[in-house]
Amino acid sequence: MNKIAVIGSGTMGNGIAHTFAQFGYDVNLVDISQEALNKGLTTIAKNIDRQIAKGSLTEDDKTAILNRIHPFSDLKEGVAEADLTVEAATENLELKLKIFRQLDAYSKADAILASNTSSISITQIAAVTSRGKNVIGMHFMNPVPVMKLVEVIRGYATSDETTAAVMDLSLKLGKSPVEVNDYAGFIANRILMPMINEAIFSLYECVAGVEEIDTVMKLGMAHPMGPLQLADFIGLDVCLAIMKVLHEGFGNPKYAPCPLLVNMVMAGKKGIKSGEGFYDYSNGTKEARPAAKFLS
Ligand SMILES: NC(=O)c1ccc[n+]([C@@H]2O[C@H](COP(=O)([O-])OP(=O)(O)OC[C@H]3O[C@@H](n4cnc5c(N)ncnc54)[C@H](O)[C@@H]3O)[C@@H](O)[C@H]2O)c1
């Protein structure tokens, strides 16, 4: 595989494009928004500067990496020559199905089509294409150039050859791929999100306050960040959407989202991106909101 296309130039797409280009692959970065493409390229340049400051890359590497990334606003042109396309567009089922129909129509017959989705079924995505055996999940973690894990998700129809090719490619990117099967939440979110949801239940049931819950998990379990702070980082709307996928996918009440999480999302308190979640970020600092706040 030489030529890679990445669909979506947002948080994940620009990180994925950066990583492939850093490891010598030629990358077409596709986004419907010219503004997102410009922002993505600026972010990549800034992130490379950080790697240069740390001594892991040089100015010459920067030039070479940036020269390997080609922006496209037309999906058809962007994917025509690609051996592998990694889709990292907005997390929305209808949008992903539409994009995969297009990828199937415009890609080379033997191209592999991967999705970076956090929670949408790879099997469902593959079913709208004529090449289910070539469709797979390639779930990178944020920030992509730094995080080692790639969760490689086999859909119902994914072939052994496609899985082997994507596992091998992930190793070539310096990552540690892990193969999992396609059930709701895969492994990462099936385990992480119920933990976050349980932390929210603990707050909702007044077992402890925000700081206390996060401190127990940081100091007691050596987590780098407490679950409520992590929820604020991920976005409470994203956490809620993934809990709904788990609840619907398994039909098990243990995955029911905490009513406090539902209320906060309805109130527009989505975490860092809205300036307030379990912590208040409004004055440029991070302050735990008092537990009583969550009862009103
Ligand atoms: N943010 C994370 O921490 C994270 C981690 C793992 C996986 N993911 C998954 O990665 C995917 C992308 O997430 P993100 O956080 O980068 O989102 P984002 O909102 O930062 O970026 C999405 C980009 O997709 C573009 N887009 C929308 N429709 C498009 C189309 N038809 N063609 C081309 N581009 C299109 C948007 O313009 C935007 O730039 C989602 O599936 C998400 O679940 C996110």
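Please read all numbers here as calculations on a predicted model, not as lab measurements.

*Asks:* Tell me about the UniProt feature "domain: 3-hydroxyacyl-CoA dehydrogenase NAD binding" (unreviewed entry) in the protein, and please be specific about residues and values.
*Replies:* The UniProt record marks residues 3-182 with the feature "domain: 3-hydroxyacyl-CoA dehydrogenase NAD binding" (unreviewed entry), using the residue numbering of this structure. Here residues 3-182 is 44% helix and 22% strand, with 26 Å between the C-alpha atoms at its ends.

*Asks:* Lay out the site of the ligand with the relevant residues and their values.
*Replies:* Lining the immediate surroundings of the ligand are 22 residues, of which Met 12, Asp 31, Glu 91, Lys 96 and Ser 118 lie closest. One nitrogen or oxygen atom from the main chain of Ala 89 is found 3.4 Å from an oxygen atom belonging to the ligand. Contacts to the ligand include Asn 116, whose side-chain N or O atom sits 2.9 Å from an oxygen atom. Protein coverage of the free-state accessible area of the ligand, which is 830 Å², stands at 77%. Taken together, the elements giving at least two residues each to the shell around the ligand come down to helix H1 (11-22), helix H5 (93-106) and strand E6 (135-140). Here the shell around the ligand gets three residues from one element, more than from any other, and that element is H5.

*Asks:* Account for the sheet that holds E6, naming residues and giving values.
*Replies:* Here eight strands make up an open sheet; going across it, the order is E3-E2-E1-E4-E5-E6-E7-E8 and the pairing mixed. Each edge of the sheet is formed by a strand with only one pairing partner; in this case those strands are strand E3 (69-72) and strand E8 (176-181). Sheet twist, expressed as the mean angle between neighbouring strand axes with direction ignored, is 25°. Of the strands in this sheet, strand E4 (84-87), strand E5 (112-115), E6, strand E7 (149-154) and E8 are in contact with helix H7 (residues 160-172), which crosses E7 at around 175°.

*Asks:* Requested: an account of the pairing of E4, with residues and values cited.
*Replies:* Side chains Leu 84 and Val 86 of E4 all project onto a buried face; the interleaved residues Thr 85 and Glu 87 project onto the opposite face, where all are buried too. Bridge count for E4 against E5 is four bridges, and the pairing is parallel. Pairing of Leu 84 across the sheet is with Ile 112, part of E5.

*Asks:* Kindly report on the UniProt feature "site: Important for catalytic activity" (unreviewed entry) in the protein, identifying the contributing residues and their values.
*Replies:* When the UniProt feature table is mapped to this numbering, "site: Important for catalytic activity" (unreviewed entry) covers His 139. The class for His 139 is buried, based on a relative accessible area of 5%. In contact with His 139, other than residues within four places in its own chain, are Ser 115, Asn 116, Thr 117, Ser 118, Leu 149, Val 150, Glu 151, Ile 153, Phe 186, Ala 188 and Asn 189. Within polar-contact distance, the side chain of His 139 engages the side chain of Glu 151 at 2.8 Å.

*Asks:* Explain the domain arrangement of the protein to me, using residue names and the numbers behind them.
*Replies:* Domain annotation of the protein identifies domain 1 (3-181) and domain 2 (189-289). Placing the centre of domain 1 and that of domain 2 at their C-alpha centroids yields a distance of 28 Å.

*Asks:* How would you explain the nonpolar core if you had to name every residue and give the values?
*Replies:* Core analysis: the biggest nonpolar cluster contains 32 residues, and Ile 16, Phe 20, Leu 84, Val 86, Met 138 and Phe 140 have the highest contact counts within it. For this core, the element with the most residues is H1, which contributes five residues. Not counting the four nearest positions on each side in its chain, Val 86 is found in contact with Ala 5, Val 6, Ile 7, Ile 16, Phe 20, Ala 114, Asn 116, Met 138 and Phe 140. If you look at the next biggest cluster of nonpolar residues, it comprises 27 residues, including Leu 228, Leu 236, Cys 239 and Leu 240.

*Asks:* So what about the packing of aromatic side chains? Which residues, and what values?
*Replies:* Evaluated as defined, the whole model comprises four aromatic pairs. An angle of 90° between the planes, with centres 5.7 Å apart, marks the rings of Phe 20 and Tyr 25 as edge-to-face. Residue classification places Phe 20 among the buried residues on the basis of a relative accessible area of 0%. Ring centres of Phe 201 and Tyr 204 lie 6.2 Å apart, and the angle between their planes is 70°; this geometry places the pair in the edge-to-face category. Placement of the pair is Phe 201 and Tyr 204 together in helix H8 (residues 188-204), with a separation of three residues, close to one helical turn. An aromatic cluster of at least three residues, connected via ring pairs, comprises Phe 20, Tyr 25 and Phe 140.

*Asks:* Can you lay out the pairing of E8 for me, pointing to particular residues and giving the numbers?
*Replies:* Taken together, the six bridges between E7 and E8 define a ladder with parallel strand orientation. Each bridged residue has a counterpart across the sheet, and for Leu 149 the counterpart in E8 is Ser 176. The handedness of the E7 to E8 crossover, carried by H7, is right-handed.

*Asks:* Tell me about the side chain of Asp 104, and please be specific about residues and values.
*Replies:* With respect to the secondary-structure elements, Asp 104 resides in helix H5. Only 2.8 Å separates the side chain of Asp 104 from the side chain of Arg 131, close enough to count as a polar contact. Setting aside its immediate chain neighbours within four residues, Asp 104 contacts Leu 113, Thr 129, Ser 130 and Arg 131.

Calculation rules
- Residues numbered from 1 in each chain as written.
- Predicted model: local features only at pLDDT ≥ 70, side-chain atom pairs only at ≥ 80, totals over all residues.
- Heavy atoms only, no water.
- UniProt positions renumbered as here; feature names shortened; annotations may be inferred.
- Helix = DSSP H or I, 4+ residues; strand = E, 2+ residues; numbered from the N terminus.
- Near = heavy atom within 4 Å.
- Polar contact = N/O pair within 3.5 Å; in protein donor to acceptor, adjacent residues only side chain to side chain.
- Areas by Shrake-Rupley, 256 points an atom, 1.4 Å probe, with all protein chains shown as cover.
- Pairing = 2+ DSSP bridges.
- Axes fitted to C-alpha atoms, helices over the stretch in contact; angles between N-to-C directions.
- Contact = heavy atoms within 4.5 Å.
- Buried < 20%, exposed > 50% of the residue type's maximum accessible area, 1.4 Å probe, protein only.
- Domains from an automatic or database assignment.
- Core = buried A, V, L, I, M, F, W, Y, C linked by side-chain atoms within 4.5 Å.
- Phe/Tyr/Trp six-rings, centres within 6.5 Å; stacked < 30°, edge-to-face > 60°.
- Right-handed = clockwise from strand over helix to strand, strands pointing away.

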